[in-house]
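The lines below spell out each chain.
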Amino acid sequence: AQSVTQLGSHVSVSEGALVLLRCNYSSSVPPYLFWYVQYPNQGLQLLLKYTSAATLVKGINGFEAEFKKSETSFHLTKPSAHMSDAAEYFCAVQTGTASKLTFGTGTRLQVTL
Amino acid sequence: NAGVTQTPKFRILKIGQSMTLQCTQDMNHNYMYWYRQDPGMGLKLIYYSVGAGITDKGEVPNGYNVSRSTTEDFPLRLELAAPSQTSVYFCASSSLGGTYNEQFFGPGTRLTVL
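Because the structure is a prediction, the values reported are computed rather than measured.

**With respect to the overall build of chain B**
Argument step 1. Per the secondary structure count, chain B includes 0 helices and 11 strands.
Argument step 2. Counted from the first residue to the last, chain B has its helices and strands arranged as β-β-β-β-β-β-β-β-β-β-β.
Argument step 3. Taking 13 Å as the expected radius of gyration for a compact globule of 114 residues, we find that chain B reaches 13 Å, a close match to that expectation.
Argument step 4. Here the C-alpha coordinates of chain B stretch approximately 40 × 30 × 25 Å along the principal axes.
Argument step 5. Sequence-distant contacts in chain B: of pairs separated by 6 or more residues, those separated by 24 or more amount to 55%.
Argument step 6. Summed over its atoms, the accessible surface of chain B is roughly 5400 Å², and 53% of this surface lies on carbon and sulfur atoms.
Argument step 7. Computing the positive centroid from 9 side-chain charges and the negative centroid from 8, chain B places the two 10 Å apart.

Below is the structure:
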């Protein structure tokens, strides 16, 4: 069965600092991986997705993620945090048929001045 | 396009009451999903549908029912509400075809069962 693990339920960074949110996957087949963002009191919005075309994936709002098969990781990064990045971030892996997703437990990002 | 819409936004139920959470999408998507989100647990799939008239259970289906009579609508029914069903519920949809389709999410329904 495919699954994802997000290390760190809360991450706090200063404005302008590097953002690193960790996601490790478990899959017996080449995975399709996603990062979603959830702003307070809103639904989820796709940040980026890995579909095997390129290992470094660029998404919206300056975020990117690198697929590393040797480390079974798909960590999300942003060079310089902005206050507007404060949100909860979910890593997900496509599971089975019908484009179903299995989500990680989420990481809440706090950005401080 | 409105995308995925959900009603109501908030609801308080008493134990044993029933209700239907409504979900509608205007993107002509074949796939639709219901998730529940609990603090620290991520999202768990309740039910999903691959098209009108076809539904299937997800990871946590107990206590819920669904139907899909049209492409646009995918209501979720709670028959006998229990405190364990206090959660935020999200509906999502995805297009048919391809192997890595993005899911589009509604704004959610916050349900409290007392």
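**Side note on the packing of aromatic side chains**
Argument step 1. A full pass over the atoms with the stated rule returns 13 aromatic pairs over all chains.
Argument step 2. Ring geometry for A:Y50 and A:F74: centres 6.1 Å apart, planes at 55 degrees, overall tilted. Here A:F74 lies in strand β8 (residues 73-78) and A:Y50 lies in strand β5 (residues 44-50), a separation of 24 residues in the sequence. Across the pair, A:F74 and A:Y50 agree in class, each one buried.
Argument step 3. Ring geometry for A:F63 against A:Y89: centres 5.5 Å apart, planes inclined by 45 degrees, an arrangement best described as tilted. Of this pair, A:F63 sits in the loop between β6 (56-58) and β7 (64-68) while A:Y89 sits in strand β9 (residues 87-94), placing them 26 residues apart in sequence.
Argument step 4. Overall, the relative accessible area of 1% leaves A:F63 in the buried class.
Argument step 5. Judged by its relative accessible area of 0%, A:Y89 falls in the buried class.
Argument step 6. By the ring-pair criterion, three or more aromatic residues cluster together here, those being A:F34, A:Y36, A:F90, A:F103, B:Y33, B:Y35 and B:F105.

**A few points about unusual backbone geometry**
Argument step 1. For the peptide bond that leads from B:T7 to B:P8, omega is -5 degrees, which places it in the cis range.
Argument step 2. Within the secondary structure, B:P8 sits in the loop between β1 (4-7) and β2 (10-13).
Argument step 3. Of note in this structure, A:N61 is not a glycine but carries a positive phi near 60 degrees.
Argument step 4. In this structure, A:N61 sits in the loop between β6 and β7.
Argument step 5. You can call A:N61 partly exposed: its relative accessible area is 43%.
Argument step 6. You will see that A:S99, though not glycine, has its phi angle at about 55 degrees, which is positive.
Argument step 7. Tracing the backbone shows A:S99 in the loop between β9 and β10 (101-103).

Here is what the cut-offs are and how they apply
Going along each chain's sequence as written, the residues are numbered from 1 onward. Ligands are numbered from 1 and chains lettered from A, in the order in which they are written. Local features are withheld for residues below a pLDDT of 70 in this predicted model, meaning they are given only at 70 or higher, and side-chain atom pairs are given and counted only at 80 or more; totals for whole chains, interfaces and linings count all residues. Only hydrogens and water are set aside when side-chain values are computed; all heavy atoms of the structure are taken into account. Secondary structure elements follow DSSP: runs of H or I no shorter than four residues count as helices, runs of E no shorter than two count as strands, and numbering proceeds from the N terminus. For this measure, only C-alpha atoms enter the radius of gyration; the expected value for a globule follows 2.2 Å times N^0.38, where N is the number of residues. The contact definition used throughout considers only heavy atoms, calling two residues in contact when any of these lie within 4.5 Å. Using a 1.4 Å probe, the Shrake-Rupley method yields the accessible areas, and only the shown protein chains count as cover for residues. Residues scored as positive are Lys and Arg, those scored as negative are Asp and Glu, and His as well as the terminal groups of each chain are ignored. Lysine's charge is taken at NZ, arginine's at CZ, aspartate's at CG and glutamate's at CD. Pairing of aromatic rings covers Phe, Tyr and Trp, the last through its six-membered ring, and needs centres within 6.5 Å; plane angles under 30 degrees mean stacked, over 60 mean edge-to-face, and all others mean tilted. To sort residues, take the accessible area from a 1.4 Å probe on protein chains only and compare it with the maximum for the residue type: under 20% means buried, over 50% means exposed, and anything in between is partly exposed.

Everything listed is a geometric property; what it means functionally is a separate question.
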